[in-house]
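What the coordinates show
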Amino acid sequence: MSRQAPRLFNLASRQLVQRRTATTSTAEVKTQAQEAATKAQEAAKNAGSKLVQKLTGFAEPIIYYSRVGFEFARSVATHQKLAVPDVASATQGLTNFYQTFTNGAWKKVTVRQAGQILGEGVKIGGFFLVGEMIGKGSVIGYQIPGTERHEDH
């Protein structure tokens, strides 16, 4: 075994030296470079056309689902009687929120109001969790590279 390794090494080094010392004319190099450039251009055109085909294939579902989402949001907004808030009402709401904590009015919250606040918190948490599941692409945990096997530790 030890005799084959040097023989293979010597063979590889001889071939490398032969390749480096082989003379190639400039015309041959020029034609090879032109061939490589044309192949690269063709590959780029093919890749570009495939990308355009994929993107145009995605356009129709994106338009459809955005229209469906818009219609759904509009129907919810009209049913809930929602409107776009103006700056004055937003600043008034923040002022009321701050004053609730400064004057101690938060201590007078009824059980019904606490239940409503808890329900809204559960809704917000649920939407956050659904967004996380969509973002990471699975229901169970993130896939972190390098943590697949724990028996090596």
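All figures in this text were calculated on a predicted structure; none of them were measured in a lab.

1. A few points about the overall build of the protein
For the protein, the count of helices and strands is 4 helices and 0 strands. Walking the protein from its N terminus toward its C terminus, one meets helices and strands in the order α-α-α-α.

2. A word on the pattern of salt bridges
Counting across every chain of the model gives 2 salt bridges. Of the charged contacts, one joins Glu 71 and Arg 74 as a salt bridge, the two residues approaching to 2.8 Å between their closest N and O atoms. Residue Glu 71 and its partner Arg 74 are located together in helix α2 (residues 26–79), separated by 3 residues, close to a single helical turn. Given a relative accessible area of 43%, Arg 74 falls into the partly exposed group. With a shortest N-O distance of 3.3 Å, Glu 120 and Lys 123 are connected by a salt bridge. With a gap of 3 residues between them, Glu 120 and Lys 123 both fall in helix α4 (residues 111–136), about one helical turn apart. Note on Glu 120: relative accessible area 44%, which makes it partly exposed.

3. Observations regarding a nonpolar patch on the surface
The grouping of Phe 97, Phe 101, Trp 106, Val 109 and Ile 117 at the surface amounts to a nonpolar patch, some 550 Å² of accessible area in total. By the secondary structure assignment, Val 109 is in the loop between α3 (87–102) and α4. Owing to a relative accessible area of 39%, Val 109 belongs among the partly exposed residues under this scheme.

4. Here we look at α4
Each α-helix turn comprises 3.6 residues. Residues three or four places apart therefore point the same way. For α4, spanning 26 residues, the distance from its first C-alpha to its last is 37 Å, which sits close to the expected 38 Å at 1.5 Å a residue. Two residues or fewer after α4 comes Gly 137, characterised by a positive phi angle close to 80°.

5. Structural notes on the confidence of the model for the protein
On average, residues of the protein score 78 in pLDDT, and 77% of them reach the 70 mark or higher. Averaged pLDDT values over the elements of the protein bottom out at 62 in helix α1 (residues 4–21) and peak at 91 in α4.

Conventions and cut-offs
- Residues numbered from 1 in each chain as written.
- Predicted model: local features only at pLDDT ≥ 70, side-chain atom pairs only at ≥ 80, totals over all residues.
- Heavy atoms only, no water.
- Helix = DSSP H or I, 4+ residues; strand = E, 2+ residues; numbered from the N terminus.
- Salt bridge = Lys/Arg side-chain N within 4 Å of Asp/Glu carboxyl O.
- Buried < 20%, exposed > 50% of the residue type's maximum accessible area, 1.4 Å probe, protein only.
- Patch = residues over 30% accessible without salt bridge, like charges linked within 9 Å, V, L, I, M, F, W, Y side chains within 5 Å.
- Areas by Shrake-Rupley, 256 points an atom, 1.4 Å probe, with all protein chains shown as cover.
- Expected span 1.5 Å × (residues − 1).
- pLDDT = per-residue confidence, 0-100.

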